[in-house]
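What follows is the residue order along each chain.
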Amino acid sequence: MIETISTKAYGTEAAEAPLDQLGIERRKPTAHDVEIDILFCGVCHSDVHTARNEWPGTLYPCVPGHEIVGKIVSVGGHVSKFKVGDVVGVGCMVDSCRECQYCNEGLEQYCEPGMTGTYNAPDKHLNTHTFGGYSERIVVDENFVLSIPDNLDLAAAAPLLCAGITTYSPLKHWNVGPGQKVGVVGIGGLGHMGIKIAKAMGAEVVAFTTSESKFAEAKRLGADEVVLSKDKEQMAAYRGKLHFILDAVSAEHDINAYISLLRVDGSLALVGAPEQPLPVAAFSLITGRKSFAGSMIGGIAETQEMLDFCGEHNITADIEMIDVQQINEAYDRMVKGDVKYRFVIDMASLKEEK
């Protein structure tokens with residue numbers, strides 16, 4: 001039987017209940033586990049959807065958080081990749097089957113039986129469900145732990161574990177680089193990372209926004225050009241000009257308007273998650289042999305590659321730091337789009353709470 005240790009956390013007991021302090025059990029490290037004292041945890045829109053059961057299937061009590069940065073405080077007897085004192089990260093998954101074709105290809109996020117999410121997933125060790133990073137500590141198999149580059153600000157690096165890899169993976173998969181004109185739709189938690197990473201990859205970046213007030217901001221983030229997507233003339237000027245589009249919008253929008261901007265053989269990859277299906281006109285695709293695709297985070301090796309890339313190019317998220325006691329207000333602000341561009345929780349605020 002696996003021993004456990006009581007841990008302070010912030011979570012919710014029901015969809016309509018606010019997040020508050022609660023106690024959870026973490027396993028004590030087994031042979032290949034590392035125990036991480038959590039320093040910072042980013043706040044993803046997925047946290048809101050899950051805590052409020054907007055994506056049906058939430059297991060309660062729910063402790064969200066999958067953008068985790070912390071320091072290792074203990075290791076299991078067979079751990080070889082990390083040592084006590086290492087600064088590490090944990091992203092959206094903490095395990096997978098490790099045997100299927102996708103796990104063997106380093107695509108654990110597409111594990112055939114299903115990856116083990118950092119929260120709200122079956123916990124094979126304790127026969128309960130997993131709890132995320134809004135907590136004092138977390139215990140994770142070393143194979144799902146990542147190294148954080150020394151030069152990055154730790155709080156601002158936390159969102160790289162989800163927002164960073166969610167945008168890096170499709171940009172890398174579709175070979176974005178010099179000589180390409182790349183569109184990024186939406187300048188938010190995902191989109192602002194997409195602009196930074198695509199620019200660092202050497203592409204010419206065109207940002208699309210519904211708000212003129214974000215023009216200067218998009219340029220600051222690295223966009224070469226900014227387009228007001230509500231302006232038909234501005235949109236028409238880019239028809240057939242883009243090699244690739246990263247669509248980071250989670251609200252309903254006209255996907256065909258963006259597909260029309262692709263060159264022949266161009267691709268649009270959706271990383272936002274609109275609640276309703278997006279109608280795609282057949283002739284938007286077949287008239288230019290265009291592709292409409294989707295992408296979800298990245299495997300462990302690719303996530304480490306992304307972190308190293310961000311370390312090399314000094315890329316982090318634009319964040320607003322909060323105490324864990326402000327999380328309910330932060331959720332409400334996120335729903336309104338009132339954050340530039342990612343909340344990050346200083347977990348010292350939880351440790352100080354009695």
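Report follows, based on the coordinates. (Residues numbered from 1 in each chain as written. Predicted model: local features only at pLDDT ≥ 70, side-chain atom pairs only at ≥ 80, totals over all residues. Heavy atoms only, no water.)

## Description of the side chain of H192
Inspection of the secondary structure assignment puts H192 in helix α5 (residues 191–200). With a relative accessible area of 0%, H192 lands in the buried category. Dropping the residues within four chain positions of it, H192 is found in contact with I187, L221, A317, D318 and Y341. (Helix = DSSP H or I, 4+ residues; strand = E, 2+ residues; numbered from the N terminus. Buried < 20%, exposed > 50% of the residue type's maximum accessible area, 1.4 Å probe, protein only. Contact = heavy atoms within 4.5 Å.)

## What about the layout of surface pockets?
One number sums up the size of the second largest pocket: a volume of about 300 Å³. Forming the walls of the second largest pocket are 22 residues, and the residues nearest its centre are R27, V94, D123, H125 and T130. Put simply, the parts of the chain that give the lining of the second largest pocket at least two residues each are β2 (20–27), β6 (93–95), β8 (122–123) and β10 (137–141). Element by element, the count of residues in the lining of the second largest pocket is highest for β10, at four residues. In the lining of the second largest pocket, the residues fall into eight nonpolar, seven polar and seven charged. (1 Å grid on protein atoms, 1.4 Å probe; cavity = no way out; pocket = protein on both sides within 12 Å on 5 of 7 lines; lining within 4 Å. Points joined across faces, edges and corners; volume = space filled by probe spheres on them. Nonpolar A, V, L, I, M, F, W, Y, C, P; charged D, E, K, R; others polar.)

## Some remarks on unusual backbone geometry
Cis rather than trans, the peptide bond between Y60 and P61 has omega equal to 0 degrees. Secondary-structure assignment places P61 in the loop between α1 (45–51) and β4 (68–75). A cis amide bond links K340 to the next residue, Y341, at an omega of -10 degrees. Relative to the helices and strands, Y341 resides in the loop between α11 (327–335) and β19 (342–346). Here N120, not a glycine, exhibits a phi torsion of approximately 65 degrees, which is positive. Relative to the helices and strands, N120 resides in the loop between β7 (116–117) and β8.

## Here's the deal with empty space enclosed by the protein
Scanning all chains against the criterion turns up one cavity of 30 Å³ or more. Counted as a void, the largest cavity has a volume near 70 Å³. Lining of the largest cavity is provided by G91, C92, M93, F144, L146, L161, I165, I297, G298, I300 and T303. Among the residues making up the lining of the largest cavity, the classes are represented as eight nonpolar, three polar and no charged.

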